[in-house]
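Residue strings, one per chain:
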Amino acid sequence: MEIEEIKKVMEGGKWTSIAPEIRPSSIKNADGTLKPFYLTRAFKYIPGDKFELVVTNSADAYGKVPLVKMNIKGSMVWQGPHPIAPGAQKVNFVADDTYEVTPLLQGFADAMNQLASKGYDKWEVNGTQSILKKAFAPFGLAEGQVFAEYDLVYILNDMMFWGARNIDGRGFDKEENRPTNLQIPLIKKA
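Residues numbered from 1 in each chain as written. Predicted model: local features only at pLDDT ≥ 70, side-chain atom pairs only at ≥ 80, totals over all residues. Heavy atoms only, no water.

**Q** So what exactly am I meant to see when it comes to the nonpolar core here?
**A** Counting residues in each nonpolar core, the largest one holds 33 residues, and the members touching the most others are Met 10, Phe 43, Met 76, Trp 123, Phe 136, Val 153 and Met 160. For this core, the secondary-structure elements that each account for two or more residues are α1 (3–10), β3 (34–46), β4 (50–58), β5 (66–81), β6 (89–103), α2 (106–115) and β8 (148–156). Not counting chain neighbours up to four residues away, the residues in contact with Met 76 comprise Met 10, Phe 43, Tyr 45, Asp 49, Lys 50, Phe 51, Val 91, Asn 92, Phe 93 and Val 153. (Core = buried A, V, L, I, M, F, W, Y, C linked by side-chain atoms within 4.5 Å. Buried < 20%, exposed > 50% of the residue type's maximum accessible area, 1.4 Å probe, protein only. Helix = DSSP H or I, 4+ residues; strand = E, 2+ residues; numbered from the N terminus. Contact = heavy atoms within 4.5 Å.)

Written out as structure tokens, the structure is:
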């Protein structure tokens, strides 16, 4: 598919995780192995290369103990073909409109009050705060920085694939970290 065809398929629906997804994090367990994290995604493409994404991280593999919800809105910057599959496209997701964090579990709110208290109100369960262009140590964001991911999009049979996380937990924070494998797909909901 060409970029314009991909955009047309993405329009007019919400794309959601089939089931909770597992990802490696850059945080290590006591034994040196990478600590996994679990999430679900809900994505909406908006004509004009805009997007809305809600990511909910959970403490468990089944998504029964939600930790935090992130609401991200921004721009998609198309970068051309990706070699992973015919029709795959490199795309940068730039959170230049909204980046909000909502703790869903007291333990997560408590951790944020220790790790990210400067410049924020007290973190509370179901209390949403914007981290847009603010220093936010838990996500490695510096003051004034706009979060962006160097990712990919591939559409096949009403499934939208993005890139799978690097197995060492590195984020997609620069071109050389752009994914080279496909993540579990999102499915289109009307």
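**Q** Honestly, the side chain of Ser 58 in this entry has me stumped. Any pointers?
**A** Position of Ser 58 among the secondary structure elements: in strand β4. For Ser 58, a relative accessible area of 8% corresponds to the buried category. Setting aside its immediate chain neighbours within four residues, Ser 58 contacts Tyr 38, Gly 63, Val 65, Pro 66 and Leu 67.

**Q** When you look at the packing of aromatic side chains in this model, what are you seeing that I'm missing?
**A** Counting across every chain of the model gives 12 aromatic pairs. Ring centres of Tyr 120 and Trp 123 lie 5.3 Å apart, and the angle between their planes is 40°; this geometry places the pair in the tilted category. Taken as a pair, Tyr 120 and Trp 123 share a single burial class, namely buried. Aromatic ring contacts, followed pair by pair, group Tyr 99, Tyr 120, Trp 123, Phe 136, Phe 139 and Phe 147 into a single cluster. It is Arg 165 that lies over the ring of Phe 172; its NZ or CZ is 4.3 Å from the centre. (Phe/Tyr/Trp six-rings, centres within 6.5 Å; stacked < 30°, edge-to-face > 60°. Lys NZ or Arg CZ within 6 Å of the ring centre and 35° of its normal.)

**Q** Would you mind showing me how to read the side chain of Asp 49 here?
**A** Here Asp 49 is to be found in the loop between β3 and β4. In terms of polar contacts, Asp 49 uses its side chain to reach the side chain of Lys 7, at 3.1 Å. Ignoring sequence-local partners within four residues, the contact set of Asp 49 consists of Lys 7, Gly 74, Ser 75, Met 76 and Trp 78. (Polar contact = N/O pair within 3.5 Å; in protein donor to acceptor, adjacent residues only side chain to side chain.)

**Q** Just checking my understanding: could you explain the pairing of β4 for this structure?
**A** Remember that side chains alternate between the two faces of the sheet whenever the strand is regular. The sheet contact formed by β3 and β4 spans 9 bridges and is antiparallel. Residue Phe 43 lies in a different strand from β4, and its bridge partner there is Leu 53. Between β3 and β4, which follow one another and run antiparallel, lie 3 residues, and Gly 48 among them has a positive phi close to 95°. Pairing between β4 and β5: 9 bridges, direction antiparallel. (Pairing = 2+ DSSP bridges.)

**Q** What should I look at first to understand unusual backbone geometry in this one?
**A** Glycine aside, residues mostly have negative phi, and peptide bonds are mostly found in the trans state. In this model, Lys 133 sits at a positive phi of 60°, which is unusual for a non-glycine residue. By the element assignment, Lys 133 lies in the loop between β7 (129–130) and β8. A relative accessible area of 44% means that Lys 133 is categorised as partly exposed. Unlike most non-glycine residues, Asp 158 shows phi in positive territory, near 60°. Mapped onto the elements, Asp 158 comes out in the loop between β8 and β9 (159–161).

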